[in-house]
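Structural characterization, general
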Amino acid sequence: MNIVVLVKQVPDSGSARSLDPQDNTVARASADNVINEMDEYAIEEALQLRDREGGEVTVLTVGPEGATDAIRKALSMGADKAVHVSDDAIHGSDVVATSAILAAALQQLEYDLILCGAESTDAGMSVMPALLSERLGIPSLAGARKLTVEGGTAKVERQTDGGYWALEAPLPAIVSTWDTINEPRYPSFKGIMAAKKKPVETKSLADLGLDAASVGLANATSRVLDFAGRPPKGEGVKVTDEGDGADKLVGYLVAQKIV
C-alpha cells in the first residue's frame, strides 16, 4: 500500500507568534517553527498501516526551505521518503491555492491512501481534505478517530460531540485524523540517523506544471488588511465586601453580560 502523508510546518503555538508588517502574513522566518502537531498522528497511523499491510509511506509538504526540519521529523519517525514543494512564488498562498499545489504534486505520485491531520494549528480551517477530494476526484473521510483498511475499502469512525459516525469509502481516498486515533512514537536515535539517508525530492511550481502567477499572496481569495498587538491587561475590578459583596459581584457580572 502506498500512503502519502501531508505535513505542514507551523509556528509553535506555545511560543510568541506575529505577523510580518511588510505584507501582513505570518512571520515564519522569525518564529519557532515545528511540525504541525495533528500531522504527527497522521504519520503514526500511516506507519502502523504500512507495518500491517506492507508498502511505503511518503511525506509531502509545501513550504519554504526551512520546512525540511518538519520533513526530517517525519522521516525520523519512520516514513520512507519525502517530497518538498518549495518555490518563492508560493509565499502568501491561501488554502485554495495550496490545495492546487498539493493536488498537482499528488498527481505525480502513486498513492492508495492520503492521510493528514484534521487541522493545522496556524490556520485551523480543516478544509484541505475536502478541497483535495474535489480536485483529485476521490472520496474524503474527515475527522477519523479510528481507521481500518480492508479489501480496498477505508473504514473510519468519525469523531463527533456525541459519539461517532461509521463511514467507509473505496480507495484511493483521503482521510484526516484527530489526536484521539493513536499515540505518535518518538523518533529513536536510530531513526534520526536513518532519516539523514532517506530520499527527499524537491520540486518547484514549474516541475508541477503550475503557473507561478496563479498562486501567491496576489492571488489569495482573502488577506489580512490590518492588525494590532494584544492590548495590555487592565488592572481589573476590586469588589470590597461591606456586607453587600454578593450584590456588587452580581451587579458587575450583569454589567459585563456574563450572567
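Going by the structure above, here's the rest.
What counts and what doesn't
- Residues numbered from 1 in each chain as written.
- Predicted model: local features only at pLDDT ≥ 70, side-chain atom pairs only at ≥ 80, totals over all residues.
- Heavy atoms only, no water.
- Axes fitted to C-alpha atoms, helices over the stretch in contact; angles between N-to-C directions.
- Helix = DSSP H or I, 4+ residues; strand = E, 2+ residues; numbered from the N terminus.
- Left-handed = near helix turned anticlockwise from the far one by under 90°.
- Contact = heavy atoms within 4.5 Å.
- Nonpolar A, V, L, I, M, F, W, Y, C, P; charged D, E, K, R; others polar.
- Polar contact = N/O pair within 3.5 Å; in protein donor to acceptor, adjacent residues only side chain to side chain.
- Pairing = 2+ DSSP bridges.

Quick look at the packing of helix α1 (residues 37-53) against helix α2 (residues 68-77)
α2 packs onto α1 with a crossing angle of 35 degrees between their chain directions and a minimal axis gap of 10 Å. The crossing of α1 and α2 is right-handed. Between α1 and α2, the contacting residues are E40, I43, E44 and L47 on the first element and K73, A74 and M77 on the second. Here the contact of α1 with α2 is built from residues that sort into four nonpolar, no polar and three charged.

Examining the side chain of N182
By secondary structure assignment, the location of N182 is in the loop between β12 (173-177) and α5 (189-195). For N182, the side chain forms a polar contact with the main-chain oxygen of Y41, separated by 3.0 Å. Engagement of the side chain of N182 in a polar contact is seen with the side chain of E45, the distance being 2.9 Å. Residues contacting N182, with those up to four places away along its chain left out, are Y41, E44, E45 and Q48.

Digging into the pairing of strand β10 (residues 153-160)
Across six bridges, the pairing between strand β9 (residues 140-150) and β10 is antiparallel. Looking at β10, one finds that E150 is bridged to T153. Hairpin connection between β9 and β10: a loop of two residues separates the two successive antiparallel strands, and G151 in this loop has a positive phi of roughly 55 degrees. Turn length for the β10-strand β11 (residues 163-170) hairpin, with the two strands adjacent in sequence and antiparallel, is two residues.

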